[in-house]
Amino acid sequence: MKRAEGKLLHRPLCLGNWKMNKSPQEARAFCQELKSLLEEAQTSHAASAAIGASDKTAKSSATQPLAQMVLLPPALTLWAVAESLQGTEIAYGGQNCHFEISGAFTGENSPKVLQEVGAQYCLVGHSERRKLFHETNDLCAQKLKALIELGLTPILCVGESLEERQSGRTEALVLEQLREGLKLAKGDGRFKTPGTQGSATPQGQAVPGGGFPLIVAYEPVWAIGTGQVATVEQVGEVHQLLRQELDQLLGSELSQNIPLVYGGSVKPENGAELLAIPAVDGFLIGGASLDAKSFFALAQLGF
Ligand code: PGA
């Protein structure tokens, strides 16, 4: 895959983390609206491509890339999303899963069920899971390994709290979360090399199966749901650091198939600035993903 200005994809990733929001009924309405927005945009792109066939400016805006959209609904809403998105390019995944396929784990969800419902992705170690449900790096490593073995793409979340940032521990903390999260999956061939599991196409499109061996999401805890976005410099620094570490841990061939996305108060108003940062391959979006129009507006931002 070719990187442009430190980026991995030609087509950004827009991952919508609904958290504990939306019933199956609400999810169906959301998907309907999202599909209509997508159809409208495709029709108007096709029309401007036809009009501007001899006009280079119109033609290039007609081929403006649209992000690969991925919805991450709550577990009980996943099936409704799967049904509603049939026949579209919009993918979906889980917010969490157990590391075992089945067994006596009351209240947990199996990664195998995610797979059967057609999920291609699953979050691992979101800061809310780490903080509110005491998920450790060890647990994240087990979940990540289980997902990779099933051919699902884990989205490993890393990020520092405000106190950790203020005490100068951001770098050490995110690197530790990354190394620990990957410790069971790296080094022994568990990660499939690009081409065997599938990889991003030259256009940066995810292919079935998630298409990526892994996605890493940098989400500073203090920026989640607070409206306080990390600065361009802060995001750029951490993403660069994570990319270097992935190159070192997994080798650059594998690393260059692993998108790095930013999350924390991403909205249509600040999306373009964030996406312009080198080494930002897309977003993990919470609040703004609950509204189909704002989620779609973010998906329409091109590099
Ligand atoms: P936010 O959430 O966009 O509402 O800040 C992001 C996340 O928690 O993934």
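Conventions used here
Residues numbered from 1 in each chain as written. Predicted model: local features only at pLDDT ≥ 70, side-chain atom pairs only at ≥ 80, totals over all residues. Heavy atoms only, no water. pLDDT = per-residue confidence, 0-100. Contact = heavy atoms within 4.5 Å. Core = buried A, V, L, I, M, F, W, Y, C linked by side-chain atoms within 4.5 Å. Buried < 20%, exposed > 50% of the residue type's maximum accessible area, 1.4 Å probe, protein only. Helix = DSSP H or I, 4+ residues; strand = E, 2+ residues; numbered from the N terminus. Axes fitted to C-alpha atoms, helices over the stretch in contact; angles between N-to-C directions. Parallel < 35°, antiparallel > 145°, perpendicular 65-115°, else oblique. Left-handed = near helix turned anticlockwise from the far one by under 90°. Nonpolar A, V, L, I, M, F, W, Y, C, P; charged D, E, K, R; others polar. Pairing = 2+ DSSP bridges. Arc of directions from axis to C-beta.

A. Highlighting the confidence of the model for the chain. Confidence in the prediction of the chain, expressed as mean pLDDT, is 88, and 84% of residues score 70 or more. Contacts from residues 58-63, a stretch scored under 50 in pLDDT, to residues over four places away or in other chains number eight contacts. Segment residues 193-209 is flagged for pLDDT under 50; beyond a separation of four residues in sequence, or across chains, it makes 38 contacts in the model.

B. Spotlight on the nonpolar core. In this structure, Cys14, Met69, Leu71, Phe191, Val216, Leu242 and Phe283 are the most contacted members of the largest nonpolar core, which totals 69 residues. Ranked by the residues each element gives to this core, the list is headed by helix H1 (residues 24-51), at seven residues. Excluding its chain neighbours within four sequence positions, the residues that come into contact with Phe283 are Leu13, Cys14, Leu15, Val261, Tyr262, Val266, Gly271, Leu274, Leu275, Leu298 and Leu301. Val70, Leu72, Ile155 and Cys157 belong to the second-largest nonpolar core, a separate cluster that totals 14 residues.

C. How the structure looks around the packing of helix H6 (residues 137-150) against helix H8 (residues 170-182). Put simply, H6 and H8 touch, their axes get as near as 7 Å, and they point 45 degrees apart. When the axis of H6 is compared with that of H8, the two are oblique. Considering only the axes of H6 and H8, their crossing is right-handed. Here Asn137, Asp138, Cys140, Ala141 and Leu144 of H6 come into contact with H8, specifically with Glu176, Gln177, Glu180, Gly181 and Leu182. Its residues placed into classes, the contact of H6 with H8 shows four nonpolar, three polar and three charged.

D. Representation of the sheet that holds strand E6 (residues 215-218) within the structure. Sheet architecture is closed into a barrel: eight strands sit in the order E1-E2-E3-E4-E5-E6-E7-E8, paired in parallel fashion. The mean inter-strand angle of the sheet, taken between neighbouring strand axes irrespective of direction, is 25 degrees. For E6 and strand E7 (residues 260-263), the ladder comprises three bridges, and the chain directions are parallel. Among the inter-strand pairings, Tyr218 is bridged to a residue of E7, identified as Tyr262.

E. Representation of helix H11 (residues 268-275). Those residues of H11 that fall on the buried side of the exposure criterion are Asn270, Gly271, Leu274 and Leu275. For H11, the buried positions fall inside an angular range of 135 degrees around the axis, keeping them on one side. The exposed set on the far side of H11, more than 90 degrees from its buried face, consists of Glu269 and Glu273. Of the surrounding elements, those touching the buried residues of H11 are helix H9 (232-250), E7, strand E8 (282-285) and helix H12 (292-299).

F. Representation of the packing of H8 against H9. Across the interface, H8 lies against H9 with an axial gap of 10 Å and an inter-helix angle of 35 degrees. Relative to H9, the crossing made by H8 is right-handed. Judged by residue contacts, Thr170, Glu171, Val174, Leu175, Leu178, Arg179 and Leu182 of H8 engage Val238, Leu241, Leu242, Glu245, Leu246, Leu249 and Leu250 from H9. Taken together, the residues that form the contact of H8 with H9 break down as 10 nonpolar, one polar and three charged.

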